[in-house]
Amino acid sequence: MEILVLRSMMMRWAPYSLRRAGGAWARGVLVAVALSAPGASALAQDNYPNRPVKIIAPQAPGGGVDLVARTIADRLSIAMGQPFVIDNQAGAGGAIATQMTARAKPDGYTLMVGYVATHATNPAVKKNLGYDAVKDFTPIAMIGGTPNLLVVTRAVPVNTLQEFVVYAKANPGKVDYGTSGVGTLNHLVMEQFKRASGVPSMAVPYRSIGQAFTDAMGGQIQVIFPGLAAALPHVRSGAFKPLAVTGDKRHPLLPNVPTFKESGYEGFDGLTWYGIVGPAKLPQAITRKLNEEINKALASPALRDTFAAEALTVMPMTPSQFGKYIVDEIAHWTAVAHDSNIEGE
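Everything numeric in this text was worked out from a predicted model, so none of it was measured. (Residues numbered from 1 in each chain as written. Predicted model: local features only at pLDDT ≥ 70, side-chain atom pairs only at ≥ 80, totals over all residues. Heavy atoms only, no water.)

S.K.: Whenever I open this one, the overall build of the chain confuses me. Can you help?
M.R.: The secondary structure content of the chain amounts to 14 helices and 11 strands. Per-residue burial over the chain gives 50% buried out of 345 residues. A separation of at least 24 residues holds for 76% of the contacts in the chain among residues at least 6 apart in sequence. On the chain, roughly 16,300 Å² of surface is accessible, and the fraction owed to carbon and sulfur atoms is 55%. (Helix = DSSP H or I, 4+ residues; strand = E, 2+ residues; numbered from the N terminus. Buried < 20%, exposed > 50% of the residue type's maximum accessible area, 1.4 Å probe, protein only. Contact = heavy atoms within 4.5 Å. Areas by Shrake-Rupley, 256 points an atom, 1.4 Å probe, with all protein chains shown as cover.)

S.K.: Honestly, the nonpolar core in this entry has me stumped. Any pointers?
M.R.: Across soluble globular proteins, nonpolar side chains have a tendency to be buried as a group. Membership of the largest hydrophobic core comes to 82 residues, with the highest contact counts inside it found for Phe84, Leu150, Phe164 and Phe193. Not counting chain neighbours up to four residues away, the residues in contact with Leu150 comprise Leu161, Phe164, Met190, Phe193, Val223, Ile224, Phe225, Lys241, Pro242, Leu243, Ala244 and Phe260. Counting residues in hydrophobic clusters, the runner-up holds 18 residues, among them Val151, Ala216, Leu228 and Ala311. (Core = buried A, V, L, I, M, F, W, Y, C linked by side-chain atoms within 4.5 Å.)

S.K.: Sorry if this is basic, but what is going on with the pattern of salt bridges here?
M.R.: Once their charged atoms are close, side chains differing in charge can pair, the charge on each being opposite to the other. The full count for this structure, using the stated rule, is seven salt bridges. Salt-bridge contacts for Arg250 lead to Glu262; the nearest nitrogen and oxygen are separated by 2.9 Å. On the criterion of sequence distance, the pair formed by Arg250 in the loop between β9 (240–245) and β10 (271–279) and Glu262 in the loop between β9 and β10 is long-range, its members being 12 residues apart. On the accessibility criterion, Arg250 (35% relative accessible area) is partly exposed. Note that Lys296 is salt-bridged to Glu293, the shortest N-O span being 3.8 Å. One end of the pair is Lys296 and the other is Glu293, both in helix α12 (residues 284–298) and three residues apart, which spans about a single turn. On the basis of relative accessibility, which here comes to 19%, the residue Glu293 falls in the buried class. (Salt bridge = Lys/Arg side-chain N within 4 Å of Asp/Glu carboxyl O.)

S.K.: What should I look at first to understand the sheet that holds strand β8 (residues 223–224) in this one?
M.R.: Strand pairs in the sheet, formed through backbone hydrogen bonds, run parallel or antiparallel to each other. Taken in spatial order, the five strands make up an open sheet running β7-β6-β8-β5-β9, and their pairing is mixed. Either end of the sheet is taken by a strand with one partner, and the two such strands are β7 (202–205) and β9. Strands in contact with helix α9 (residues 185–197) are β5 (149–153), β6 (176–179), β7 and β8; relative to β6, the strand with the most contacts, it is inclined by about 150°. Helix-sheet contacts for helix α11 (residues 228–236) involve β5 and β9, and the interaxial angle to β5 is about 30°. (Pairing = 2+ DSSP bridges. Axes fitted to C-alpha atoms, helices over the stretch in contact; angles between N-to-C directions.)

S.K.: I keep staring at the layout of surface pockets and nothing clicks. Help me out?
M.R.: A probe as big as a water molecule, rolled over the atoms, marks out the empty space that is left. Size it by volume and the largest pocket reaches roughly 1,300 Å³. Elements represented by at least two residues in the lining of the largest pocket include exactly α5 (64–80), α7 (116–125), α9, α11 and β10. For the lining of the largest pocket, the class distribution of residues is 19 nonpolar, 19 polar and four charged. In this structure, the second largest pocket spans a volume of roughly 660 Å³. Lining the second largest pocket are 26 residues, with Gly247, Asp248, Asp269, Leu271 and Met315 sitting closest to its centre. Listing elements by their share of the lining of the second largest pocket, those giving two or more residues are β4 (137–147), α13 (301–308), β11 (313–314) and α14 (319–339). It is α14 that provides the largest number of residues to the lining of the second largest pocket, a total of four residues. (1 Å grid on protein atoms, 1.4 Å probe; cavity = no way out; pocket = protein on both sides within 12 Å on 5 of 7 lines; lining within 4 Å. Points joined across faces, edges and corners; volume = space filled by probe spheres on them. Nonpolar A, V, L, I, M, F, W, Y, C, P; charged D, E, K, R; others polar.)

S.K.: When you look at unusual backbone geometry in this model, what are you seeing that I'm missing?
M.R.: Leaving glycine aside, a negative phi is the common case for residues, and trans is the common case for peptide bonds. Here Tyr48 and Pro49 are connected by a cis peptide whose omega angle stands at -10°. Mapped onto the elements of the fold, Pro49 is located in the loop between α4 (40–46) and β1 (53–57). Of note in this structure, Lys281 is not a glycine but carries a positive phi near 70°. Mapping Lys281 onto the fold places it in the loop between β10 and α12. On the basis of relative accessible area, Lys281 is assigned to the exposed category, the value being 76%. In this model, Ala311 sits at a positive phi of 70°, which is unusual for a non-glycine residue. Topologically, Ala311 is positioned in the loop between α13 and β11. Of the residues examined, Ala311 reaches a relative accessible area of 0% and is grouped as buried.

S.K.: Explain the sheet that holds strand β2 (residues 84–88) here, please?
M.R.: The mixed open sheet is built from six strands, whose spatial order is β2-β1-β3-β10-β4-β11. In this open sheet, the two edge strands, each paired with only one partner strand, are β2 and β11. Here β1 pairs with β2 via five bridges, running parallel. What sits directly across from Val53, in β2, is Phe84.

S.K.: Would you mind showing me how to read the pairing of β9 here?
M.R.: Side-chain direction in a regular strand flips from residue to residue, so the side chains alternate between the two faces of the sheet. When you tally the buried positions in β9, you get five out of six residues, the bulk of the element. Where β5 lies against β9, five bridges are found, and the strand directions are antiparallel. Opposite Thr153, over in β9, you have Phe240 as the bridge partner.

Below you can see the structure in the form of structure tokens.
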């Protein structure tokens, strides 16, 4: 009854030209009114997604972030019946993409791969990011993480972490390490180890961890503390010796390499981790739906094997668990940066 009255009123008030267009115009306006009516938002959430969804990857194609984004997007596209499209936005250590996501409409159609740089180490060391890693985002789902691996060149005459500490202390000024930039995870975790062990090593920043490996093979530096995935090819080739891995247990790809805890150093749990986030105030129904579908995908043996081949272990969480994980990570790396007087550019 209300719809019929509304249609009659609209036709009476409309200009003559629109009244001649008749039912098509009225039907269009009625649709717009219906969608803005109370309950329309809930209806849109129930039908989510009803058009393509964008997942922003804050790295260029080819890296770990891109791999995670595309793997999850493929699964969600199949499960939810709409395309999940990757938008690579590299630059400023992920800050550009992260700012874009924070400013996006919180309707579930713009998501992002939030990872250890954008939502942990950058907030820990940089003052003017242009976003708040906690307040400006809705944590949706954790995907997984890969540990960091301390490696030395073949020229360093050690085979264990304990031997390395003794050697570095006996040879001050001769053991320098490469990083992929000031305030990156591989920089912070090495500084954490320096404070714990007393190793007198100097950081040499590079634009990428690949450049650090190139210089290490040329003899300019002796140590790197990269993510396991980046280190594996160099370890398997025999160019570098692995000494210890972060995390609470040995990694299946390197079962003979001990953890830092086994080697006598507690608190080295740093991971290169990846998750899915959205803008702040994302509706709970959409957040819950995405979390459930992502966790279903992470339970798939095929997907676990895909990630395991890239040294990534899945870590399913609820949105609240993932949110707490982000808060704890920021607090941890902020403390490490403060203790080591590290401030990003």
